[in-house]
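Listed below, chain by chain, are the residues.
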Amino acid sequence: RLRPSSSTRRQCLVSALADVLWRAGEEKQATVAINSGRSHFTPVGHYSSERLLEKMTCFSVDNIKDLQVILEQHIEQYETGMLGCLLLTISAVLSRSIEKVREDMDLRTNTLIAAHGYCTQELVNLLLCGRAVSNVFDNDIELDSGNGDRTLLKGIKDQCQVGLLSLFEHYNICKVGAHLKSPYYPVWVVCSESHFSVLFGLQRELLINQDEVMDFDLYYYDGLANQQEEIRLTVSVGKLAQNLQEDDADLVPPLELCIRTRWKDALVSWNETEPIL
C-alpha cells in the first residue's frame, strides 16, 4: 500500500486537492486557479510583475465532479510545476472567498503569510478544515477583555479529515483540540522544527481504542528533507510503554514529543532507522 503506481498517486492528489477546495467552498462551489501561460494584462504603476497573477485563469464550479475534472486536466501544474503551492493557496482563498477568509480570522488584519515567508495557522487551517480560523483548539472561546468588551477567539468547529500535531503544544504554547488530534483518518500534519511534515497510520483502530494498551505503526514523511527511505515508527501506548525505560530524556527527538501530545507517555521505536534529532 505504500508503493502506489504513478497513475494512482496522481489520482490521489487530484482527489485530495478537490477535497481541500470543495471543503473551503462549504461543499457548494469551488474555484481552481491555473497558469494559462500567457499574460492577460500588462502590469503598470506600483504593480510589479511576479509572473503569476497576470497569467492566471480561474474556473468556478458548483459540483465536485467538475472540480475533479478540471484539476485532473491541469494536475501537472500542482504536481510538478514550480507554482503549485501558490496556485493551491489562491484557489483555496477564492473558493472560500476573500471576505469569508477575513471573517474567519480573530482579526481581519491577520495574514496568511507571516514573517520570512512562513505560512500562518490561518492558512494551515484553511487547507485542513476549510476555514481560516486563527487557533487550533475546539470551537470558539469568548474572553472578557474588561470594560464590558468581549474578545472572540475562533477555533476548529468540526472533526477534520486530516489532523494536526504540534511541537508548540509540548512547550505549552498552544493546545490542539480533539477535532484535529482525532481526525477522521489516521493522518496528521506535523508542525515541528520550523516546517511541516506528515505522520500517518494504516489502521483506523488506533483512533478508536485511545485508552487501551496497544502497539501500532506510524509512517513519517518529510518532503522538505527530500526523504527517500521509508521511516516506520512503532508506538507503544499504555502499560506496554510504562514498562519501558528512556535512555536519555534530553535526546528525545522532537517528533516523539509531538506524538506524545496525542498519546501521553507513548514510547517510540525507530525500527533501526536513525532517529531525527
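The rules behind the values
- Residues numbered from 1 in each chain as written.
- Predicted model: local features only at pLDDT ≥ 70, side-chain atom pairs only at ≥ 80, totals over all residues.
- Heavy atoms only, no water.
- UniProt positions renumbered as here; feature names shortened; annotations may be inferred.
- Core = buried A, V, L, I, M, F, W, Y, C linked by side-chain atoms within 4.5 Å.
- Buried < 20%, exposed > 50% of the residue type's maximum accessible area, 1.4 Å probe, protein only.
- Helix = DSSP H or I, 4+ residues; strand = E, 2+ residues; numbered from the N terminus.
- Contact = heavy atoms within 4.5 Å.
- Polar contact = N/O pair within 3.5 Å; in protein donor to acceptor, adjacent residues only side chain to side chain.
- Phe/Tyr/Trp six-rings, centres within 6.5 Å; stacked < 30°, edge-to-face > 60°.
- Patch = residues over 30% accessible without salt bridge, like charges linked within 9 Å, V, L, I, M, F, W, Y side chains within 5 Å.
- Areas by Shrake-Rupley, 256 points an atom, 1.4 Å probe, with all protein chains shown as cover.
- Salt bridge = Lys/Arg side-chain N within 4 Å of Asp/Glu carboxyl O.

Under an unreviewed UniProt entry, the chain has the name Ubiquitin carboxyl-terminal hydrolase MINDY and belongs to Ataeniobius toweri. According to the UniProt record, the Sequence similarities (unreviewed entry) comment for the chain reads "Belongs to the MINDY deubiquitinase family. FAM188 subfamily." Under the heading Catalytic activity (unreviewed entry), UniProt records this for the chain: "Thiol-dependent hydrolysis of ester, thioester, amide, peptide and isopeptide bonds formed by the C-terminal Gly of ubiquitin (a 76-residue protein attached to proteins as an intracellular targeting signal)."

Caption draft 1: Highlighting the nonpolar core. Counting residues in each nonpolar core, the largest one holds 30 residues, and the members touching the most others are Leu21, Val32, Leu67, Leu71, Tyr78 and Leu126. Residue assignment for this core shows that the elements contributing at least two residues are helix H1 (6-24), strand E1 (30-35), strand E2 (56-61), helix H2 (64-73), helix H3 (75-79), helix H4 (84-96) and helix H6 (121-129). In terms of residue count, the dominant contributor to this core is H1 (seven residues). Residues within four places of Tyr78 in sequence aside, it is in contact with Leu17, Val32, Ala33, Leu71, Gly84, Leu87, Leu88 and Ser91. Among the nonpolar cores identified, the runner-up in size contains 24 residues, and Trp188, Trp263, Ala266 and Trp270 belong to it.

Caption draft 2: Structural view of the side chain of Ser236. Looking at the element boundaries, Ser236 is found in strand E9 (residues 231-237). What makes Ser236 buried here is its relative accessible area of 8%. A polar atom in the side chain of Ser236 sits 3.1 Å from the side chain of Asp215.

Caption draft 3: How the structure looks around unusual backbone geometry. Phi is positive for Glu27, close to 55°, though the residue is something other than glycine. Within the element layout of this structure, Glu27 appears in the loop between H1 and E1. Unlike most non-glycine residues, Ser97 shows phi in positive territory, near 90°.

Caption draft 4: Up close: the packing of aromatic side chains. Enumeration over the complete set of coordinates arrives at four aromatic pairs. Ring centres of Trp188 and Trp263 lie 5.4 Å apart, and the angle between their planes is 75°; on these two criteria the pair is classed as edge-to-face. Taken as a pair, Trp188 in strand E6 (residues 187-192) and Trp263 in the loop between helix H11 (254-262) and strand E10 (267-269) lie far apart in primary sequence, 75 residues in all. The burial state of Trp188 is the same as that of Trp263; both residues are buried. Ring centres of Phe200 and Tyr219 lie 5.6 Å apart, and the angle between their planes is 25°; on these two criteria the pair is classed as stacked. In this pair, Phe200 sits in strand E7 (residues 195-200) while Tyr219 sits in strand E8 (residues 214-221), placing the two residues 19 residues apart along the sequence. Residue class for Phe200 comes out partly exposed when judged on its relative accessible area of 21%. Clustering of aromatic rings is evident, with ring pairs tying together Trp188, Phe216 and Trp263.

Caption draft 5: Here's a closer look at a nonpolar patch on the surface. Together, Phe41, Tyr47 and Leu53 line one region of the surface with nonpolar side chains, adding up to about 250 Å² of accessible area. Within the secondary structure, Tyr47 is located in the loop between E1 and E2. On the accessibility criterion, Tyr47 (31% relative accessible area) is partly exposed.

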